[in-house]
There are 2 protein chains.
Amino acid sequence: MMKKTSVQKREYASEHHNWDMTMRASSDLLTIGELSKGVSYRFSAFTGSMLLSISALESFLNSFASFFEKGDSFSWEEYERKSIEDKLEFCFQRYSLEIKKGERPFQTVKKAISWRNSLIHYKPIYVDPVVIASDYDIKKLPQRSISNKKSKPYENLVDRKFAKQFNNDIIMIIQGLIKVSGINPRAQCSYKVLDQSF
Amino acid sequence: MMKKTSVQKREYASEHHNWDMTMRASSDLLTIGELSKGVSYRFSAFTGSMLLSISALESFLNSFASFFEKGDSFSWEEYERKSIEDKLEFCFQRYSLEIKKGERPFQTVKKAISWRNSLIHYKPIYVDPVVIASDYDIKKLPQRSISNKKSKPYENLVDRKFAKQFNNDIIMIIQGLIKVSGINPRAQCSYKVLDQSF
C-alpha cells in the first residue's frame with residue numbers, strides 16, 4: 001500500500017514588478033558604454049541605456065500607482081491613458097512634491113520621452129534638391145519630413161552625458177517617490193503555512 | 001581693400017535615415033551579451049539588443065515606404081497608421097513576397113512586438129491571497145492584472161537564443177526587402193557644383 005502524501009494548507013500571494021530589473025539593465029549598459037573604448041560599442045550601449053531608463057520610469061509609474069486606492073481621487077483607467085509625463089505629474093501632485101517643468105529632473109524626462117519616440121518611430125527627413133551658394137549654411141535649408149510628426153535624428157543626443165543624465169535623473173525621481181510615499185513595488189511572493197498537522 | 005570672396009552655385013540634396021545605425025547597435029549589444037560572463041551584463045545587453053532590433057525594423061519600414069510613389073495604390077497617411085506587422089505585410093505584398101505568419105521570420109516579428117510592448121508599457125500582475133494545498137501548482141493560480149491589457153513579464157524571454165533570433169530574423173527581412181525592391185534607404189547628401197567660374 002502506498003504511503004499517504006501529507007498535504008498542508010497554505011496561503012499564497014504574489015505580485016510581479018520589473019521596473020527595477022529594467023533600471024538595472026539601463027545602469028549596466030551605462031557602465032558598459034563608459035568602459036568601452038570603441039566608438040560603436042559606446043554608442044550602442046548608451047543608446048540601450050537611454051531607452052531602458054525611460055522604459056523603467058513608465059514601468060515604475062504603473063507599478064507605483066497600482067497601489068493607489070481606487071475611489072474619488074483615483075481611477076486606474078484614467079491614469080492608464082495618461083502620457084508618461086502626465087503620470088509623473090499626477091504622482092508628484094499626490095504627494096505634494098514640487099514640480100518645476102523647466103528644470104531637471106522634469107526637463108530630462110520630457111527630453112527622454114521625445115528622444116525615445118524619435119528612436120522607436122523614426123520617420124525619414126529630406127532636403128529636396130535646391131540651388132544654393134557654396135557659402136550657404138546647409139543647416140538652414142528647409143527639411144521635409146515624410147510625416148506630419150517630424151522626427152529628430154535620435155543619434156545626435158547619444159553620448160555619455162545624456163545617458164548618465166537620463167539614468168541618474170530617473171533613478172532620483174523613483175527614489176524620491178518611494179521615499180515620500182512608502183510605496184516600493186518589488187516582485188515578491190508569500191507563503192503562510194496555515195495547517196501544521198501532518 | 002578686401003579680396004572679394006568667390007561664391008559658387010551648387011545643388012544640394014540630402015536624406016536622413018538611421019535604421020541601419022539602430023540595427024548595428026542591436027548587433028553590437030548582441031555581441032556584448034555573448035562576450036559577457038556576468039549574468040547581469042548578459043541580461044542587460046540582450047534586453048537592449050532585442051529592443052533595438054524591433055525599433056530598427058519599424059524605422060526601416062518607415063524609410064523604405066517613403067520611396068513608394070503616392071497614388072492609387074499607396075497613401076503614406078494610411079501606411080503611417082498601420083501597426084509594424086501590418087506595415088511589414090503591406091511591403092511583402094507589394095513585392096509579391098510569400099507571407100507565412102506562423103513561421104519565422106514573421107512569427108519572430110509578432111513575438112518581438114508583443115515582447116517590446118510588455119517591456120515598455122509594463123503593468124504589474126498580482127496573485128491575490130488564496131488558500132491552497134501545499135502540493136498545488138502555483139502557476140495555475142489566477143493572475144490579476146491592474147490593467148485590461150495584461151503584460152507578460154518580459155524578462156522570461158531574455159536570453160541569447162531570442163536576442164539572436166530577433167536580430168537575425170529582422171536583418172533577414174530587411175535584406176530581403178532591399179534585394180527585391182532595389183530600395184536601400186541610407187543617410188546621404190549630394191553636392192553638385194553648377195558654376196565653376198570664379
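Coordinates for the structure precede this section.
Fair warning: this is a prediction, and the values are worked out from it, not measured in the lab.

About the cut-offs
- Residues numbered from 1 in each chain as written.
- Chains lettered and ligands numbered in written order.
- Predicted model: local features only at pLDDT ≥ 70, side-chain atom pairs only at ≥ 80, totals over all residues.
- Heavy atoms only, no water.
- Helix = DSSP H or I, 4+ residues; strand = E, 2+ residues; numbered from the N terminus.
- Buried < 20%, exposed > 50% of the residue type's maximum accessible area, 1.4 Å probe, protein only.
- Contact = heavy atoms within 4.5 Å.
- Polar contact = N/O pair within 3.5 Å; in protein donor to acceptor, adjacent residues only side chain to side chain.
- Pairing = 2+ DSSP bridges.
- Phe/Tyr/Trp six-rings, centres within 6.5 Å; stacked < 30°, edge-to-face > 60°.
- Lys NZ or Arg CZ within 6 Å of the ring centre and 35° of its normal.
- Least-squares fit on C-alpha atoms with pLDDT ≥ 70 in both.
- Patch = residues over 30% accessible without salt bridge, like charges linked within 9 Å, V, L, I, M, F, W, Y side chains within 5 Å.
- Areas by Shrake-Rupley, 256 points an atom, 1.4 Å probe, with all protein chains shown as cover.
- Salt bridge = Lys/Arg side-chain N within 4 Å of Asp/Glu carboxyl O.
- Lys, Arg positive; Asp, Glu negative; His and termini not counted.
- Charge placed at Lys NZ, Arg CZ, Asp CG, Glu CD.
- Buried area = accessible area lost by both parts, 1.4 Å probe.

Engineer: How would you explain the environment of Asp169(A) if you had to name every residue and give the values?
Structural biologist: Residues and elements named next belong to chain A. Looking at the secondary structure, you find aspartate 169 in helix H6 (residues 160-181). A relative accessible area of 4% places aspartate 169 in the buried class. Once you skip the residues sitting within four places of it in the chain, aspartate 169 turns out to touch Arg104, Pro105, Thr108 and Lys164. A polar atom in the side chain of aspartate 169 sits 2.5 Å from the side chain of threonine 108.

Engineer: Can you explain the sheet that holds strand E4 (residues 188-193) of chain B? Please cite residues and give values.
Structural biologist: Strand pairing within a sheet occurs via backbone hydrogen bonds; the two strands may be parallel or antiparallel. If you walk across this open sheet you meet the four strands as E3(A)-E2(A)-E1(B)-E4(B), and the pairing is antiparallel. Of all the strands in the sheet, the pair left with one neighbour each is strand E3 (144-145) of chain A together with E4 of chain B.

Engineer: Please provide a residue-by-residue account of the packing of aromatic side chains, values included.
Structural biologist: All names here are of chain A. Within the structure shown, the criterion is met by 36 aromatic pairs over all chains. Centroid distance phenylalanine 68 to phenylalanine 74: 5.1 Å. Interplanar angle 80 degrees. Geometry classified as edge-to-face. Residue classification places phenylalanine 68 among the buried positions, given a relative accessible area of 2%. One aromatic cluster is present, built from ring pairs that chain together Trp19, Phe60, Phe64, Phe68, Phe74, Trp76, Tyr79, Phe90 and Tyr95. Arginine 10 extends its terminal NZ or CZ atom over the ring of tyrosine 191, reaching a point 5.1 Å from the ring centre.

Engineer: How would you summarise the pairing of strand E2 (residues 125-133) of chain B if you had to cite specific residues and measurements?
Structural biologist: With seven bridges connecting them, strand E1 (residues 9-16) of chain A and E2(B) associate as antiparallel partners. Along E2(B), the bridge assignment pairs Lys9(A) with Ala133(B). Pairing of E2(B) with strand E3 (residues 144-145) of chain B, which is carried by two bridges, proceeds in the antiparallel orientation. Across the sheet, residue Tyr126(B) finds its bridge partner in E3(B), namely Arg144(B).

Engineer: Pulling in residues and values, what's your account of the relation of the copies chain A and chain B?
Structural biologist: When chain A is fitted onto chain B, the two copies agree to an RMSD of 0.0 Å after a turn of 180 degrees and an axial shift of 0.0 Å. Here the symmetry operator amounts to a two-fold rotation axis. For chain A, the smallest separation between a C-alpha atom and the rotation axis is recorded for Gly48(A), amounting to 2.4 Å. A symmetric contact is evident, with 100% of the interface residues of chain A recurring at the interface of chain B.

Engineer: So what's going on with a positive patch on the surface? Which residues, and what values?
Structural biologist: Where like charges cluster on the molecular surface, the positive patch consists of Lys111(A), Lys150(A), Lys152(A) and Lys161(A). Mapped onto the elements of the fold, Lys111(A) is located in helix H5 (residues 106-120).

Engineer: Go over the interface of chain A and chain B, please, and point to the residues and values.
Structural biologist: Chain A puts 67 residues into the contact, and the matching count from chain B is 67 residues. Counting the surface lost from both chain A and chain B, the interface buries some 6,000 Å², and carbon and sulfur atoms represent 59% of this. The interface formed by chain A and chain B holds two salt bridges in total. Of the charged contacts in the structure, one is a salt bridge between Glu80(A) and Lys123(B), with a shortest N-O distance of 3.9 Å. For the pair chain A and chain B, the interface holds 33 residue pairs in polar contact (both at pLDDT 80 or more). Those elements that provide at least two residues to the side of chain A that touches chain B are E1, helix H1 (19-35), helix H2 (39-65), helix H3 (76-81), H5 and strand E2 (125-133) of chain A. Take the side of chain A that touches chain B: its biggest share by element is 14 residues, from H2(A).

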